[in-house]
Protein chains: 4
Amino acid sequence: MLRVLGLQEVLRVHEGFDIAPPFFELGPKAYLYGKGVLELAKAADRIGKRYNVRIIFTPQYVDIPLVARETGYIHVFAQHMDSIRIGRGIGSVLPESLKEAGAVGVLLNHAEKRLSLSEINRTIKRADEVGLATLVCADTPEEAAAIAHLNPNIILAEPPDLIGSSQAGVSGRNYVATINELVRSINPRLRVLHGAGISGPRDVFDIVSMGAEATGCTSAVVTAEDPAAMLEAMIRSMREAWDKSHP
Amino acid sequence: MLRVLGLQEVLRVHEGFDIAPPFFELGPKAYLYGKGVLELAKAADRIGKRYNVRIIFTPQYVDIPLVARETGYIHVFAQHMDSIRIGRGIGSVLPESLKEAGAVGVLLNHAEKRLSLSEINRTIKRADEVGLATLVCADTPEEAAAIAHLNPNIILAEPPDLIGSSQAGVSGRNYVATINELVRSINPRLRVLHGAGISGPRDVFDIVSMGAEATGCTSAVVTAEDPAAMLEAMIRSMREAWDKSHP
Amino acid sequence: MLRVLGLQEVLRVHEGFDIAPPFFELGPKAYLYGKGVLELAKAADRIGKRYNVRIIFTPQYVDIPLVARETGYIHVFAQHMDSIRIGRGIGSVLPESLKEAGAVGVLLNHAEKRLSLSEINRTIKRADEVGLATLVCADTPEEAAAIAHLNPNIILAEPPDLIGSSQAGVSGRNYVATINELVRSINPRLRVLHGAGISGPRDVFDIVSMGAEATGCTSAVVTAEDPAAMLEAMIRSMREAWDKSHP
Amino acid sequence: MLRVLGLQEVLRVHEGFDIAPPFFELGPKAYLYGKGVLELAKAADRIGKRYNVRIIFTPQYVDIPLVARETGYIHVFAQHMDSIRIGRGIGSVLPESLKEAGAVGVLLNHAEKRLSLSEINRTIKRADEVGLATLVCADTPEEAAAIAHLNPNIILAEPPDLIGSSQAGVSGRNYVATINELVRSINPRLRVLHGAGISGPRDVFDIVSMGAEATGCTSAVVTAEDPAAMLEAMIRSMREAWDKSHP
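These numbers come from a predicted model, not from an experiment.

Conventions adopted
Residues numbered from 1 in each chain as written. Chains lettered and ligands numbered in written order. Predicted model: local features only at pLDDT ≥ 70, side-chain atom pairs only at ≥ 80, totals over all residues. Heavy atoms only, no water. Helix = DSSP H or I, 4+ residues; strand = E, 2+ residues; numbered from the N terminus. Contact = heavy atoms within 4.5 Å. Areas by Shrake-Rupley, 256 points an atom, 1.4 Å probe, with all protein chains shown as cover. Pairing = 2+ DSSP bridges. Axes fitted to C-alpha atoms, helices over the stretch in contact; angles between N-to-C directions. Disulfide = S-S within 2.5 Å. Buried < 20%, exposed > 50% of the residue type's maximum accessible area, 1.4 Å probe, protein only. Salt bridge = Lys/Arg side-chain N within 4 Å of Asp/Glu carboxyl O. Core = buried A, V, L, I, M, F, W, Y, C linked by side-chain atoms within 4.5 Å. Parallel < 35°, antiparallel > 145°, perpendicular 65-115°, else oblique. Left-handed = near helix turned anticlockwise from the far one by under 90°. Nonpolar A, V, L, I, M, F, W, Y, C, P; charged D, E, K, R; others polar. Least-squares fit on C-alpha atoms with pLDDT ≥ 70 in both. Right-handed = clockwise from strand over helix to strand, strands pointing away. Buried area = accessible area lost by both parts, 1.4 Å probe. Polar contact = N/O pair within 3.5 Å; in protein donor to acceptor, adjacent residues only side chain to side chain. pLDDT = per-residue confidence, 0-100.

Some points on the overall build of chain A
Consideration 1: From N to C terminus, chain A includes ten helices and eight strands.
Consideration 2: Long-range pairs, those at least 24 residues apart, make up 69% of the contacts in chain A with a sequence separation of at least 6.
Consideration 3: Taken as a whole, chain A presents about 8,900 Å² of accessible surface, with 51% of it coming from carbon and sulfur.

With respect to the sheet that holds strand E5 (residues 133–138) of chain A
All names here are of chain A.
Consideration 1: Across the sheet, which stays open at both edges, the eight strands sit in the order E7-E6-E5-E4-E3-E2-E1-E8 with parallel pairing between neighbours. The open sheet has two edge strands with one neighbour each: strand E7 (191–194) and strand E8 (214–217). With direction set aside, neighbouring strand axes in the sheet form an average angle of 25 degrees.
Consideration 2: Note: strand E3 (residues 75–78) against strand E4 (residues 105–108), two bridges, orientation parallel. Paired with Phe77 across the bridge in E4 is Gly105.
Consideration 3: The strands touched by helix H2 (residues 34–51) within the sheet are strand E1 (23–26) and strand E2 (54–57), with E2 carrying the most contacts at an inclination of about 165 degrees.
Consideration 4: Packing of helix H6 (residues 141–148) onto the sheet brings it into contact with E5 and strand E6 (154–157), and relative to E5 it is tilted by some 155 degrees.

Re the state of the cysteines
All names here are of chain B.
Consideration 1: Within this structure, the stated rule accounts for zero disulfides over all chains.
Consideration 2: With no disulfide of its own, Cys217 lies 14 Å from the sulfur of Cys137, the closest cysteine sulfur.
Consideration 3: Residue classification places Cys217 among the buried positions, given a relative accessible area of 5%.

So, the sheet that holds strand E1 (residues 23–26) of chain C
Two pairing modes exist for strands in a sheet, parallel and antiparallel, and in both the strands are linked by backbone hydrogen bonds.
Residues and elements named next belong to chain C.
Consideration 1: One open sheet holds the eight strands; their spatial order is E7-E6-E5-E4-E3-E2-E1-E8, and the pairing between them is parallel. The open sheet is flanked by strand E7 (191–194) and strand E8 (214–217), the only strands paired with a single partner. This sheet shows a mean twist of 25 degrees between the axes of neighbouring strands, independent of strand direction.
Consideration 2: As defined by bridge partners, strand E6 (residues 154–157) adjoins E7 across four bridges and the pair is classed as parallel.

What to know about the pattern of salt bridges
Consideration 1: Across all of its chains, the model carries 56 salt bridges over all chains by this definition.
Consideration 2: For C:Asp139, the salt bridge goes to C:Arg114, with nearest N and O atoms at 2.6 Å. Taken together, the residues span a long stretch of sequence, with C:Asp139 in the loop between strand E5 (133–138) and helix H6 (141–148) and C:Arg114 in the loop between strand E4 (105–108) and helix H5 (117–130) at a distance of 25 residues.
Consideration 3: In this structure C:Arg114 comes out as partly exposed when scored by relative accessible area, which is 27%.
Consideration 4: Members of the salt-bridge network, linked through shared partners, are A:Asp18, A:Arg184, A:Arg191 and A:Glu213.

A word on the nonpolar core
Consideration 1: Of all hydrophobic cores here, the largest spans 286 residues; its most connected members are A:Phe24, B:Phe24, C:Phe24 and D:Phe24.
Consideration 2: Excluding residues within four positions of it along the chain, A:Phe24 makes contact with A:Val53, A:Arg54, A:Ile55, A:Ile56, A:Val204, A:Thr215, A:Gly216, A:Cys217, A:Leu231, A:Met234, A:Ile235 and A:Met238.

Points about unusual backbone geometry
Most peptide bonds are trans, and most residues other than glycine sit at a negative phi.
Consideration 1: With an omega of 0 degrees, the peptide bond running from B:Pro21 to B:Pro22 counts as cis.
Consideration 2: Relative to the elements of secondary structure, B:Pro22 occurs in the loop between helix H1 (2–7) and strand E1 (23–26).
Consideration 3: The phi dihedral of A:Asn52 is positive, around 55 degrees, even though this residue is not glycine.
Consideration 4: By the secondary structure assignment, A:Asn52 is in the loop between H2 and E2.
Consideration 5: Even without being a glycine, B:Lys29 presents a positive backbone phi close to 45 degrees.

Some details on the packing of H2(A) against helix H10 (residues 227–245) of chain A
Residue and element names in this part refer to chain A.
Consideration 1: Two elements in contact, H2 and H10, have axes whose closest approach is 10 Å; the angle formed by their N-to-C orientations is 25 degrees. In terms of axis orientation, H2 runs roughly parallel to H10. When you trace H2 past H10, the crossing you get is right-handed. Along its contact with H2, which presents Leu40, Ala43, Ala44, Ile47, Arg50 and Tyr51, the element H10 presents Pro227, Ala228, Leu231, Glu232, Ile235, Arg236 and Arg239.
Consideration 2: Along the lines of polarity and charge, the residues of the contact of H2 with H10 split into nine nonpolar, no polar and four charged.

Side note on the side chain of B:His75
Residue and element names in this part refer to chain B.
Consideration 1: Assignment of secondary structure puts His75 in strand E3 (residues 75–78).
Consideration 2: Owing to a relative accessible area of 13%, His75 belongs among the buried residues under this scheme.
Consideration 3: Filtering out sequence-adjacent residues up to four positions away, His75 remains in contact with Phe17, Ile19, Arg54, Ile55, Ile56, Phe57 and Val104.

Digging into the relation of the copies chain A and chain B
Consideration 1: Mapping chain A onto chain B calls for a rotation angle of 180 degrees and an axial translation of 0.0 Å; the resulting RMSD is 0.0 Å. The transformation relating the two chain copies, once decomposed into turn and shift, fits a two-fold axis. Judged by C-alpha distance, A:Val62 is the residue of chain A that lies nearest the rotation axis, at 2.2 Å.
Consideration 2: Interface overlap between copies: 100% of the residues of chain A at the interface are likewise at the interface in chain B, consistent with a symmetric, same-surface contact.

What to know about the pairing of E4(C)
All names here are of chain C.
Consideration 1: Side chains of E4 alternate between two faces, with Gly105 and Leu107 and Val106 and Leu108 buried alike.
Consideration 2: In this fold, strand E3 (residues 75–78) hands off to helix H4 (residues 95–101), which returns the chain to E4; that crossover is right-handed.
Consideration 3: Of the pairings in the sheet, the one linking E4 to E5 comprises four bridges and is parallel in character. From the neighbouring strand, Val106 faces E5, where its bridge partner is Thr134.

Examining the interface of chain A and chain B
Consideration 1: Taken together, the contacts link 33 residues of chain A with 33 residues of chain B.
Consideration 2: Sorting the residues of chain A by area buried against chain B places A:Tyr33, A:Val62 and A:Ile90 first, and these three jointly supply 25% of that buried surface.
Consideration 3: For the interface between chain A and chain B, the tally reads zero salt bridges.
Consideration 4: Inspection of the region where chain A meets chain B yields 20 residue pairs in polar contact (both at pLDDT 80 or more).
Consideration 5: Taken together, the elements giving at least two residues each to the side of chain A that touches chain B come down to H2, helix H3 (64–70) and helix H4 (95–101) of chain A.
Consideration 6: No other element matches the five residues that H4(A) contributes to the side of chain A that touches chain B.
Consideration 7: Of the residues in the side of chain A that touches chain B, the class split is 15 nonpolar, ten polar and eight charged.

Some thoughts on the confidence of the model for chain A
Note that predicted coordinates carrying low pLDDT should not be read in detail.
All names here are of chain A.
Consideration 1: With 88% of its residues at a pLDDT of at least 70, chain A reaches an overall mean of 90.
Consideration 2: Here residues 1–13 is a poorly scored stretch, pLDDT under 50, and it has 35 contacts once near neighbours within four places are set aside; other chains count.
Consideration 3: Within the model, pLDDT remains below 50 along residues 162–168, and this stretch shows 13 contacts once partners closer than five positions in the same chain are excluded.
Consideration 4: Prediction confidence for the complex, expressed as pTM and ipTM, is 0.93 and 0.91 respectively.

Quick notes on helix H6 (residues 141–148) of chain D
Consideration 1: The element H6(D) is largely enclosed, with a buried count of eight among its eight residues.
Consideration 2: Of all the residues in H6(D), the buried ones are D:Pro141, D:Glu142, D:Glu143, D:Ala144, D:Ala145, D:Ala146, D:Ile147 and D:Ala148.

Observations regarding the packing of helix H8 (residues 201–209) of chain C against helix H10 (residues 227–245) of chain C
All names here are of chain C.
Consideration 1: For the pair H8 and H10, the least separation of the axes is 8 Å and the interaxial angle reads 25 degrees. Classified by the interaxial angle, the pair formed by H8 and H10 is roughly parallel. Remark: the crossing between H8 and H10 carries right-handed chirality. Taken together, the residues of H10 that come into contact with H8 (itself represented by Pro201, Arg202, Val204, Phe205, Val208 and Ser209) are Met230, Ala233, Met234, Ser237, Met238, Glu240, Ala241, Trp242, Lys244 and Ser245.
Consideration 2: In the contact of H8 with H10, the residues fall into ten nonpolar, three polar and three charged.

Quick notes on the environment of A:Gly131
Consideration 1: Note on placement: A:Gly131 falls in the loop between helix H5 (117–130) and E5.
Consideration 2: A sequence separation of 35 residues divides A:Gly131 from A:Glu96, and the C-alpha atoms of the two residues are 9.0 Å apart.

Looking at the environment of D:Glu181
Consideration 1: Within the element layout of this structure, D:Glu181 appears in helix H7 (residues 169–186).
Consideration 2: For the pair formed by D:Glu181 and D:Gly89, sequence separation is 92 residues and the distance between their alpha carbons is 39 Å.

Printed below as a string of structure tokens:
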């Protein structure tokens, strides 16, 4: 295994970025923008600080500069970028432009924005070059293993339906452990975020208790009557579950 | 012909936007970002005002807010957007986010970012809804005619190789007139910008003299030793050619 | 208008192909293949001949040679092709390969296989070159008008929900007439096929009575208990409706 | 490592297919079709038999049935397929249709037909289901490792420029060995084909001598004055190099 790691130059992984567990990804997708997204970002900043939980926050591209300037604790990631270099590429997202705008990382290969395997690889390398962390989505255990060979900073594993539902239990716990072990057998420095259809604080508590060091949410927060209150409940749950299982 | 126009509801074209000829599109593509693109935008703002020539300026998404805030004369357009509505769509560009960030329009279907016919149609409608002007690219006369039926504000016609070269002359003049006539026979309110591989002020003078009411440039400006000086020479040429042919 | 037609070289439309109304498109999509699709193709061949109704039949690529060899009355079209020329292009469908395999035309831009405006244009030109007829899908009246400028042989207009439902009536009739008129005001030689969520013979009768010269079906035929019997009922209905409205 | 293999169900890899080294992939891409491709396929069939070298042959979709019927020794693979199931999907290539047409495998993710990581995964699973072998392309060592986790039958590794050039030598040998070792450390049953810009029999000899168990060619064969003679020279070279290094 060490030989494999050598070959892939594990050390090129973006060194400037680390994120201590537990952490949380709050993705406003295209639900919020402008003033609305800024307000949620500021709430996330306060809440993260209060509970000592880092939050990755992914606004629309145009909102990155303001969100980055007005917050200090959350990690501002872009929702996507392209592997293009300075030059042509109308309509594409230039990595350097994100960095200068204040982003510290980028989400890649979400189910709503699939990339070819080659483009995932090229884009992770571009992120390393310009100093952006990478959070790369995987649908299945084998895709998580595949992506682990490309050396992102974090893998976002989307577990099957069982997790996040009331039937999770034992099989959910096995699933989280299996993915963590598989990914780390390939690249021990990789962090794994378990996306899990989180619909409330209880789901956050459960998945962290199952061994996840990170999870995330979109719709249950942005469509809540009071998004900041829902986020705070989830982050508090995350802290409690983490402290309980890491005494 | 009137019946055709009636059917397609010409009046839904975004009413809030008009741009008086002659005008110019300056596209920094992915050549410039951050401080560099802001500097060029400010120069374009001064130069456009000086010569009374409107300039459409298309920065990277993340640079739209700053460019829009720091300028007052140029029209800030996004390089692309998606037809998605508020909700899901990670990595896509939400029309509402561009509008709130200060963009007044959007470029669509550039050769570097092709869209399906249906997506062009949907995106123009979304732009109308949120109040963004549309500048839609066409490769050939028949594609310009096709797009004219979709009611954008401006068509960017990319003429064949002959234009912008020293052999342009009579055939170039015919080409410009032919496209203008064809597009206006379908939709008389449409403006046509003739992209033409502009490499210097002389090319701008020539194409305006051939009947174009607008043209544009990327590489000859952004790769010039002094981009602002090159832009000023082009805009001065545009004003001179226009005044000469519209006495 | 004549000037427009001149400019777009209407005459380059594939001359070798014409199809007399009424006609029908039977699309097996990916429901049938091999022996199953051959059986339906042979049934379509017999039924079309019996009622003097031409049927456009679109099998999977690999089934084109056998279906073309074993039938004589139906028109075998591919479900898609690319605009590539002889040379590179792994995984793409070469126009010349379809022609030599026995196809006489190609379907383009279906909702399940969207193409960019430029690719639609290039592919229609390639079809003209190699002698394949083109049947190009449009979602809306304005997209039908746009495609009419690109000179395919037939436009497949997908009407809105009202058609094919019991509420069709007057508005359905207006819709069919409007599309036909709009398309023919641009290019009088174009044929228009009105796709309409046909679920049985009655729907075929209705849409032909509303002025359609062609329609088509997939799921109601291929999922029928006896597909050949369902097809025959539809084709008989088409003939009856046509003869009644064209005495 | 064994645990990893267990998790990914190595055993689901299509059991019905194995190919003994040395073997060769002859890809006519879109250079040949109809009679031309059949003639080359028959030559490949004779030549492969004569030298006891299996040849994977990838014609245009429509030519699969005839090529499969008229040959007996070569392995007929499709150039691509989709992961769709029986049902909708106009213009897509249904796995079941390839199998019934006589294909025994499919090429996936070539540089001219990139797939998303998820689609590669789904399509390999579909191929396993219907009994088609998979030959999946990888640009870089890390992409080869990634794909190895998805359990195809063969990985087509495209080595960097050095191979196939006169400067290959030591570094070429290291490259071949490195990829082979890396892939087999993940999945020992995987075969690796080293694509290498093969331009003549000498290149084939060299890469097999460097440790490759398979290689392939397109343009040097299809554009040769006598394609069958060029193919024969390459296959003879492959046999000689193999026998010399596997005494």
